[in-house]
Number of protein chains: 2
Amino acid sequence: MSAQLSAALAEWSSLLGPQWVVAAGAPLEEAERTTFATRQRIPALLRPANAEEVAGCLRIAQRHRVPIHPVSRGRNWGYGSRVPAGGDCVLLQLERLDRIVAYDDRLGTLTVEPGVTFEQAHRHLQAQRARFFLTTIGGPPDASLLANALERGDGRGPNADIFAHVCALEVILPTGERVETGLGRFGNSRAQHGYRWGVGPSLDGLFSQSNLGVVTRLTLWLTLRPASYREVSWALEDDAQLPPLIDALQSLIAEGTVRASAFVWNELKALSITRQYPFAQTRGRVPLPSPLLEEWRSGFGRWAGSTGLYAASPALGTALEARVYEVLEPVVSRLKITELPADGESPMLGTPSDANLAMAYWRKRTPVPASPDLDRDRCGFLWSSVAVPFVGEEASAAQGIAQRVCRMFGLEPNLALLAPVSRCLYLVSALVFDREVAGEDEKALACLKALERELAAAGYLPARLGIASFPENHPTVDDSREVLRRLKLAVDPANVLSPGRYGL
Amino acid sequence: MSAQLSAALAEWSSLLGPQWVVAAGAPLEEAERTTFATRQRIPALLRPANAEEVAGCLRIAQRHRVPIHPVSRGRNWGYGSRVPAGGDCVLLQLERLDRIVAYDDRLGTLTVEPGVTFEQAHRHLQAQRARFFLTTIGGPPDASLLANALERGDGRGPNADIFAHVCALEVILPTGERVETGLGRFGNSRAQHGYRWGVGPSLDGLFSQSNLGVVTRLTLWLTLRPASYREVSWALEDDAQLPPLIDALQSLIAEGTVRASAFVWNELKALSITRQYPFAQTRGRVPLPSPLLEEWRSGFGRWAGSTGLYAASPALGTALEARVYEVLEPVVSRLKITELPADGESPMLGTPSDANLAMAYWRKRTPVPASPDLDRDRCGFLWSSVAVPFVGEEASAAQGIAQRVCRMFGLEPNLALLAPVSRCLYLVSALVFDREVAGEDEKALACLKALERELAAAGYLPARLGIASFPENHPTVDDSREVLRRLKLAVDPANVLSPGRYGL
């Protein structure tokens, strides 16, 4: 242990109390584990109780030049879990900051600390029969709302571009300084939780997908429960139907008929939620033989997807349904629209679910456990998420690249086209493997590198990066790298906060 | 003239050609004039032709430490027109950068340079029978789209929070460096005009309401023309109706029935669009006697407002109309919903109009000219815009303060409550006077100072500032001022770009 680290540990212990500083043992090894191969070591865990202690921890790190990396709930599965991007870092664990600070049922604003989970927020709203619901995610219910928003995760339902529906960040800079974004910096603003911009430059964006500060509080904007709610699902039997479907969805979103996220999954992704790889049938061979896939997807289609219709009156619900039939029926093989209780439970009405996590166990030889934990269970899992124009032919081209590259590396293409906004799709590819099989770690990383490179070469650049990403795939043509370097220096002179994150 | 300025002028002349550098004469005096009293002097005007020349101009300013201030079309009326905030600056006039760089009729994205006006963009879209329309503003049709977006102006119709619907900024920093925000920095991104965030920190917000860079290009997101369009208008006869109306509007917006901006004007604001102060009837006395106001507003009401309903099918239009009747009819004195041709001309469908500018001539003794120019005509005009929670009782309290303060200074309260977003209103007060009447300049500035102070004391903080604003009204409670100072230094080491703007 370096002299700097020792000195810092002594100060952290004195600040937090020794019970909140862990510098040896199993918790460190657990924190070093993610769903793909890494070499980073975690020399210590700090568990502050509040924003003041966060500021104190950062000041000590700055003084002793010890790299430090914040983690809320550590559920960044597929992108690196708790592991820092650029090398060994002390972990600043924020799960003790788990207060729901405020909820306003008139305007639908929810103010939370980093430790608050989707499940916790959902129960909180349910308990008071809130008029509003919180957009949930496809990921784990015990993920942090705040961290997911800052990573610009995509939601299920309305407000699906989650970071576009937050404001009023409290940020502790690596210097220990405190900044409130929006109008909160004036201390007496009645509109701060309902107004994003504040006055003067807007700083929110600086603290998303970055290493410029530790966000200790933010406000999320919720969605009013509809008077009438319908779920829409569809299936395509033929790849040629994909471009017209994408264009039809874009129309429905652009015209305001669909005001929620929509998604389209390929058959393998959908299958891998409900069953695991048939090692017995294939006598242990991978990848999945085509005849088996053809048999399994019967009745399901090659692509399937869904969205929701939210209406303020029964008449509007009926008219929305009619409009969706008009636009979608000509372009899909099967279309189903089902009216559901608007006060009911559905991921599209804010109910978290861990159903999708089963997908990460597709290639495991052990069954999906009751409480999935991808790090613990040594699932092999890597996400790639790229931005694709919301145009049928573009979506088709981008997914074609992903299909081809995944197959080249012996992985079944597991693909989704997500539409959280109206002009852009995320093509999300899951590389699913088994870390307990020799060679799979290396092969999966090589696949990610090739996938990033080929998608970028075709103009499909990443929307989110994990720590395994390959920056050489993404050269820049302007001065942004140098400018970001100076902005980083302005708030983190010793470069101690999550060095290397998002290439910063 | 200082030696630094002389040296810089010589270099600018050599860079741009002497015909694009003005250092004497009437144009300088014109540029120094705004709609209230100022003392700033403009030593020179520079008129670059493109982003490369902008970068060259800024490098020269940086080298010689000469303050410089960018202006697109100079139509920031009521906030300072072309006048720099903090003292004498050379003006960097961007009106020669007036190219419409691209329009995508599939996704509705329009990429423009700073000199492009609302009128110009509207004509461009009309000429090609575009499927999409551009949200316009209540201000002058010859204002710059780009500058209005960066100032976070509010629009009429959908996408009314204009800055929330832009992306892909090209920015020249005061150092001469060039940054593309979003995915544009990678040079080969197909999704850059439809995707805001890019990957890594999002920088867009840094360049709005700021002095951190000169934006030379951005992309706006347009609205699909509806299949069916209705205009909704209402009037209130009694101030007590205002809170329930505001709450009803908030419901309609939160539930998604109204997807455009709504506004409520007080009677004086509406009257001042169509007539001028009756100096003959009052024998020259101000302010307007109550009996006259009562008589004039007969049939109009004390407050009036409107919004639009955009539908993707006739059935949806009918259902939206029914829902609006259901919610608004109980809370207003008069309600009118009119179906209009969806391909017609209306400010709510993107057609610019200068009708509102007449308001600035309310206290002039000369008639409103055919082409209003508030600077040229020495109109007295000051805006105050503050953020108010979108809650009836809050709106009522805030406008009450504005009524009282304006009357204290002998001005007729000219007020609007604007709803470009769903959780926050802008209370916009216009201080309208005649700069040719002795003492009015001073009185209006004193009124603005008192208005800002009293609104801030009640928790209603500014959403936009003009150069006449009083920073002492807005003390901060965090470290944001110091942090903004360091961010400024990181991109503008000699502090030459618009020093003092927004308190930076």
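Just so you know, these numbers come straight off a predicted model, no measurement behind them. (Residues numbered from 1 in each chain as written. Chains lettered and ligands numbered in written order. Predicted model: local features only at pLDDT ≥ 70, side-chain atom pairs only at ≥ 80, totals over all residues. Heavy atoms only, no water.)

Scanning chain A for helices and strands turns up 12 helices and 19 strands. The C-alpha extent of chain A, read off along each of the three principal axes, is 65 × 55 × 45 Å. In chain A, which comprises 504 residues, the share counted as buried stands at 66%. Relative to all contacts within chain A whose residues are 6 or more apart in sequence, the contacts with residues 24 or more apart total 73%. Summing over all exposed atoms, chain A offers an accessible surface of approximately 17100 Å²; the carbon and sulfur share of this is 51%. Looking at chain A, you have 53 positive and 55 negative side-chain charges, and the mean spots of the two groups are 2 Å apart. (Helix = DSSP H or I, 4+ residues; strand = E, 2+ residues; numbered from the N terminus. Buried < 20%, exposed > 50% of the residue type's maximum accessible area, 1.4 Å probe, protein only. Contact = heavy atoms within 4.5 Å. Areas by Shrake-Rupley, 256 points an atom, 1.4 Å probe, with all protein chains shown as cover. Lys, Arg positive; Asp, Glu negative; His and termini not counted. Charge placed at Lys NZ, Arg CZ, Asp CG, Glu CD.)

Applying the stated criterion across every chain, the model contains 11 cavities of 30 Å³ or more. Volume-wise, the largest cavity comes out at about 150 Å³. Along its surface, the largest cavity is lined by 18 residues, and Gly256(A), Leu316(A), Leu320(A), Leu316(B) and Leu320(B) are the ones closest to its centre. Put simply, the parts of the chain that give the lining of the largest cavity at least two residues each are strand S14 (303-311) and helix H9 (314-328) of chain A together with strand S14 (303-311) and helix H9 (314-328) of chain B. When grouped by side-chain class, the residues that make up the lining of the largest cavity number 10 nonpolar, 4 polar and 4 charged. (1 Å grid on protein atoms, 1.4 Å probe; cavity = no way out; pocket = protein on both sides within 12 Å on 5 of 7 lines; lining within 4 Å. Points joined across faces, edges and corners; volume = space filled by probe spheres on them. Nonpolar A, V, L, I, M, F, W, Y, C, P; charged D, E, K, R; others polar.)

Residue and element names in this part refer to chain A. Helix H3 (residues 51-64) packs onto helix H1 (residues 3-16) with a crossing angle of 160 degrees between their chain directions and a minimal axis gap of 9 Å. With respect to H3, the element H1 is oriented roughly antiparallel. The two elements H1 and H3 cross, and the hand of that crossing is right-handed. Across from Gln4, Ala7, Ala8, Glu11, Trp12, Leu15 and Leu16 in H1, the residues of H3 making contact are Glu53, Gly56, Cys57, Ile60, Ala61, Arg63 and His64. Within the contact of H1 with H3, the residues separate by chemical class into 8 nonpolar, 3 polar and 3 charged. (Axes fitted to C-alpha atoms, helices over the stretch in contact; angles between N-to-C directions. Parallel < 35°, antiparallel > 145°, perpendicular 65-115°, else oblique. Left-handed = near helix turned anticlockwise from the far one by under 90°.)

To continue, consider the packing of aromatic side chains. Per the counting criterion, the structure on display carries 18 aromatic pairs over all chains. Plain terms: the ring middles of Tyr277(A) and Phe279(A) are 4.6 Å apart, the flat faces sit at 45 degrees to each other, and that makes the pair tilted. With respect to class, Tyr277(A) is no different from Phe279(A); both count as buried. Ring geometry for Trp296(B) versus Trp362(B): centroids 6.4 Å apart, planes at 80 degrees, classification edge-to-face. Of this pair, Trp296(B) sits in helix H8 (residues 290-296) while Trp362(B) sits in the loop between strand S15 (334-340) and strand S16 (379-389), and the two are 66 residues apart along the sequence. You'll find Trp296(B) and Trp362(B) in the same group, each marked buried. Each member of the aromatic cluster is reached from another via a ring pair, and the members are Tyr277(A), Phe279(A), Trp296(A) and Trp362(A). Between the NZ or CZ atom of Arg365(B) and the centre of the ring of Phe279(B), over which it lies, the distance is 3.8 Å. (Phe/Tyr/Trp six-rings, centres within 6.5 Å; stacked < 30°, edge-to-face > 60°. Lys NZ or Arg CZ within 6 Å of the ring centre and 35° of its normal.)

To continue, consider helix H12 (residues 480-491) of chain B. Taking 1.5 Å of rise per residue, 12 residues should cover 16 Å, and H12(B) covers 17 Å from first to last C-alpha, within 8% of that figure. If you check which residues of H12(B) are buried, you get Ser480(B), Val483(B), Leu484(B), Arg486(B), Leu487(B), Lys488(B), Ala490(B) and Val491(B). For H12(B), the elements touching its buried residues are strand S9 (178-180) and helix H12 (480-491) of chain A. (Expected span 1.5 Å × (residues − 1).)

Turning next to the confidence of the model for chain A. Looking at chain A, pLDDT values average 96 and 100% of them are 70 or higher. Our summary of model confidence lists the complex with pTM equal to 0.97 and ipTM equal to 0.97. (pLDDT = per-residue confidence, 0-100.)

Another aspect to go through is the environment of Gly138(A). Summarising the element assignment, Gly138(A) is placed in the loop between strand S7 (132-133) and helix H5 (145-150). Ignoring sequence-local partners within four residues, the contact set of Gly138(A) consists of Arg156(A), Ser353(A) and Asn356(A).

Turning our eyes to something else, we now look at the interface of chain B and chain A. The partner chain A presents 90 residues to the 90 residues of chain B that form the contact. Carbon and sulfur atoms supply 61% of the area that chain B and chain A bury against each other, a total of about 7600 Å² over both sides. At the boundary of chain B and chain A, one finds 4 salt bridges. Put simply, Glu177(A) and Arg486(B) hold a salt bridge, and the shortest N to O gap is 2.6 Å. Along the contact surface separating chain B from chain A lie 40 residue pairs in polar contact (both at pLDDT 80 or more). (Buried area = accessible area lost by both parts, 1.4 Å probe. Salt bridge = Lys/Arg side-chain N within 4 Å of Asp/Glu carboxyl O. Polar contact = N/O pair within 3.5 Å; in protein donor to acceptor, adjacent residues only side chain to side chain.)

We now examine the sheet that holds strand S17 (residues 415-419) of chain A. All names here are of chain A. A sheet is described by the order of its strands in space; here 8 strands give the open sequence S15-S12-S14-S13-S17-S18-S16-S19, paired in antiparallel fashion. The sheet is open, and its two borders are formed by strand S15 (334-340) and strand S19 (462-464), each paired with just one other strand. Strand-to-strand, the axes of this sheet are offset by a mean angle of 25 degrees, without reference to chain direction. Pairing between strand S16 (residues 379-389) and S19: 2 bridges, direction antiparallel. Residue pairing for S19: valine 386 is matched across the bridge by proline 462. In the packing of helix H6 (residues 242-254) onto the sheet, the strands contacted are strand S12 (228-236), strand S13 (262-266), S14, S17 and strand S18 (424-434), and the crossing angle to S13 comes to about 165 degrees. Seen against the sheet, helix H7 (residues 267-274) touches S13, S16 and S17 and runs at an angle of roughly 85 degrees to S13. (Pairing = 2+ DSSP bridges.)

Attention now moves to the side chain of Ser272(A). For Ser272(A), the position within the fold is in helix H7. Not counting residues within four places of it along the chain, the set of residues in contact with Ser272(A) comprises Ala358(A), Met359(A), Trp362(A) and Asn414(A).

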